Each structure stands twice: as structure tokens, then as C-alpha cells.
Amino acid sequence: MQEIYFDNAATTQVLPEIADIAVRMMCEDYGNPSAMYGRGLQAERAVKEAREQVAALIGAQPQDIIFTSGATEANNMALRGGMKARARRGKHMVVSALEHQSVIQTVRAMLELGYDFDLVPVDTNGRLNPTVLQNMMRSDTIMASIMLVNNEVGTIQQIPELRRAIDAKRSQVLLHVDASQALGKMPIDVGELGVDLLTASGHKLHAPKGVGFIYVRPGLRIPPFINGGGQEAGWRSGTENTPGICALGLAAKLAREQMGTRLEQVKQVRAVFLQGLKDLSGWRVNGEGADLLPHILSVAFDGVKSEVLLHMLEEKGLLVAAGAACSSRKDTLSHVLRAMRMRRNLIEGTVRFSFSHLNTVDEAERASQLVCQAVQDLRGII
Ligand code: PMP
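Residues numbered from 1 in each chain as written. Predicted model: local features only at pLDDT ≥ 70, side-chain atom pairs only at ≥ 80, totals over all residues. Heavy atoms only, no water.

A. Structural view of the environment of Met 312. As for its position among the elements, Met 312 is in helix H9 (residues 306–315). Separated by 63 residues in the primary sequence, Met 312 and Val 375 have C-alpha atoms spaced 9.3 Å apart. (Helix = DSSP H or I, 4+ residues; strand = E, 2+ residues; numbered from the N terminus.)

B. Inspection of the domain arrangement of the chain at higher detail. Taken domain by domain, the chain comprises domain 1 (4–12 + 258–381) and domain 2 (16–254). The distance between the C-alpha centroids of domain 1 and domain 2 comes to 27 Å. Note on domain 1 versus domain 2: buried area summed over both sides is about 3,000 Å², and carbon and sulfur give 53% of it. In this structure, the connection of domain 1 to domain 2 is made through zero salt bridges. The tally of links from domain 1 across to domain 2 stands at 18 residue pairs in polar contact (both at pLDDT 80 or more). Residues that form the side of domain 1 that touches domain 2 fall into these classes: 15 nonpolar, 13 polar and six charged. (Domains from an automatic or database assignment. Buried area = accessible area lost by both parts, 1.4 Å probe. Salt bridge = Lys/Arg side-chain N within 4 Å of Asp/Glu carboxyl O. Polar contact = N/O pair within 3.5 Å; in protein donor to acceptor, adjacent residues only side chain to side chain. Nonpolar A, V, L, I, M, F, W, Y, C, P; charged D, E, K, R; others polar.)

C. Main features of unusual backbone geometry. Residues other than glycine seldom take positive phi values, yet Gln 172 does so here, at roughly 60 degrees. For Gln 172, the location among the structural elements is in the loop between helix H6 (159–169) and strand S6 (174–178). The phi dihedral of Glu 232 is positive, around 50 degrees, even though this residue is not glycine. Along the chain, Glu 232 falls in the loop between strand S8 (212–216) and helix H8 (242–276).

D. View of H6. Of all the positions in H6, only Ile 159, Leu 162, Arg 163, Ala 165 and Ile 166 are classed as buried. The buried side chains of H6 occupy one side of the element, clustering within an arc of 160 degrees when seen end-on. Facing away from the buried side of H6 by over 90 degrees, the exposed positions are Arg 164 and Ala 168. (Buried < 20%, exposed > 50% of the residue type's maximum accessible area, 1.4 Å probe, protein only. Arc of directions from axis to C-beta.)

E. Up close: the side chain of His 206. Along the chain, the position of His 206 falls in the loop between strand S7 (197–201) and S8. His 206 gets classed as buried once you look at its relative accessible area, which sits at 3%. Looking at His 206, its side chain comes within polar contact range of the main-chain oxygen of Gln 13, at 2.8 Å. Residue contacts for His 206: discarding those within four places in its chain leaves Thr 12, Gln 13, Val 14, Leu 15, Ile 18, Arg 262, Ser 356, His 357 and Leu 358. (Contact = heavy atoms within 4.5 Å.)

F. Spatial organisation of the side chain of Ser 334. With respect to the element layout, Ser 334 can be found in the loop between strand S11 (318–319) and helix H10 (335–339). The exposure class assigned to Ser 334 is buried, which follows from its relative accessible area of 12%. For Ser 334, the side chain forms a polar contact with the side chain of Glu 152, separated by 2.6 Å. Apart from the residues within four sequence positions on either side, Ser 334 is in contact with Glu 152 and Ile 347.

G. Representation of the nonpolar core within the structure. One finds Leu 148, Leu 198, Phe 213, Phe 301 and Phe 353 to be the most contacted residues of the largest nonpolar core, which totals 93 residues. Ranked by residues supplied to this core, first place goes to H8 with nine residues. Summarising the domain contributions, this core has at least three residues from each of domain 1 (4–12 + 258–381) and domain 2 (16–254). Those residues in contact with Phe 301, other than ones at most four positions away along the chain, are Leu 280, Gly 282, Trp 283, Leu 309, Gly 349, Val 351, Phe 353, Val 371, Val 375 and Arg 379. (Core = buried A, V, L, I, M, F, W, Y, C linked by side-chain atoms within 4.5 Å.)

See below:
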């Protein structure tokens, strides 16, 4: 049985050429980038190139990229650092109700430090409304955190419009955007988005786990996140994860070069999969009234418990997720689907299929047949 992996929003397979560069950085070019001899300089040059590759993918300058251990760390750094940088102007932030736990739990933890936050509601398709956001700005609001693409549903937010809405009400509010699910899958230009801070992770883009980055807008000074030997221009100390960083650099380069062809492949896989579900009744695509990234497809099935469906599909070799795969509290109902005001039974019947360009049309056909069969079997039991 050939396994079908439709859980690419949770993590992706590392591409062979990306694994090769990580191995090279571990086994051959293993010098410490801070060392003064040739092997160290070689490693330093490789990190420099990776920084340029990541910057090019988001329309930034290399010096504005700081490598981290992933998006969770980058989100912590963005929120804690951003809030500290603006602390004299206020203590309030607004955070979209759709954010990943690495944002939600960070702002929760910051309550203890005297900061305050409000969750920005979304409509039933998972979209933020600029006017609602604008009206939530207080005289002490100093930061907003809004993800570009939601990891459970795939909703794309209109960041430039939201930025304008914020600016029209209050100046100098820092805008942080978590681009973990969007990076390399849709064009991103930090200037056009109008962001101050942008974060993402390598393992969603065929690089290994444990590496990510934060973009900090030129001129914005945030305090160091990890103190020590002064690596990453003093912002994030610790000997650089050169295998991960160089892998992320190559992943960024490949994503930029192949964005169009990869997107076509993913769109085709999604279309064929959806076509295969046509004869099945009692299901709908969550958030379908909004702009959705084709890589993520959240489907609510009537009369089915996603946990049970998930296991049935796994037995047949199809790997998918119920709700957010990276949430540790899996017993609670998805905060994203609740924010979209979905009924409990539909939330409990929601499965996330997420694609990459490595998936094939043949897999999409087989997967849709497996889903139809499993859903019908489950409904038959009830
Ligand atoms: N933000 C979003 C939107 C994500 O999907 C994820 C990964 N599930 C993260 C942050 C956390 O990334 P990492 O695993 O690199 O810490």
C-alpha cells in the first residue's frame, strides 16, 4: 500500500537536495561561522547566502532576516520584542482570533507582565473586517498580530487593507504577520504588505524542523531575544544552526524559482480531489467564501467524527489531520472553527487535507475514493 501524505500544513517532506546541503554543512563545511580560519569563513559565507535567499523570497534585505529555531520562537520574539520596543506608548495589542497557539499563548503569558490584548473576531468565512479591527484600536494599542494564511482553514487575510485600517486610526502600531503557511506558496513582499515583523518556519517548505526566521523592518529596534555571544547581529545569540539555515536558504530559493509550477500542481491535486467528492453528500468546504490558499482544504462532514474518520483513513494509507495538528490540547474544539461560529457537530466532523507539489493527481483520485468510502461506512454505522 502506497501511503498518501495529505498533511503538508503540519510538516513537509525534506527534499533530497535540501537534505544534501544540511548533510554537507554537518559533515564537510562544519566550521563555526565565528571562527577565523577557512572552514569557519566558509560556513559564514554559506549562512550569508542563505540569508540572501530567504530575504529574496519576501522582498527584504538580507540584514533584516534573523534566523531562529522555528516560527514558535520567531513569534515569541516578535511579540515580546515588539511590545517592549513600544512599551512607552502603551500596553495593548490586538491579535486575530485565528492565530496559532504560539501567538495566542505568548500574549496570554504576557498578561502577567502587565500587557493586555483583545482577540479580533472573524466572519463565518474566517476573514477579518478592517472596520472592526480599526474600532478595536485603543489609545494605548501598540501592536497587532495577524496571520497571512491560517493553518487550519487556509484563509488568506488582506494584510495591506488591514494595515491601512490600523494606520487610519492610530500611528506607529507595529504589525506582526505570521507567514508560516504562506511562505514560498504565494508571493510575499514585506513592503507591499506593510509589515514591521514577519515570521515563518522551514519545515512547512521542505526544509528540516527546528529552523525559521523573523524579518524585522529596517529602523525598528527590538531588544535581543536570547543573550549571549552576539550572533545574528546580537538579536539572537547561540552558535548558528548552519545545517538548518542553509537548508532553509535552499528551500527558499527553490520555492521562489518553482512557485508557479508548484502552485499549478497543488491546484490540480486539489481540484481532482474535490471532483472525487462530488457524489458524496453532506459535506462543505470551511471558509469557502474567502480567499483560500489551495494547499489547505478544510472539510466538514455531516454525521461523522473526524477522529474516527482520521483513523479509518490512516488504516487505508491516507494521512490527514483533524483541526490543528500542532495544537497540544487536542481534546478541545478548534478555536479557529469556533471563531468562525461553526456548529459543534460540524467542527467535530472537520478534517484538514493539506497538499504539496509532491502530491500527484493519482493520489488525489485514490484519496477521494478512500474518503467517500470511509464517510459512507461511518454514516452507515450510525
Ligand atoms: N504558526 C503557524 C501558522 C503554524 O502553522 C506553525 C506550525 N504548525 C507555527 C506557527 C509554529 O512553527 P514551528 O513548528 O516552526 O515552531
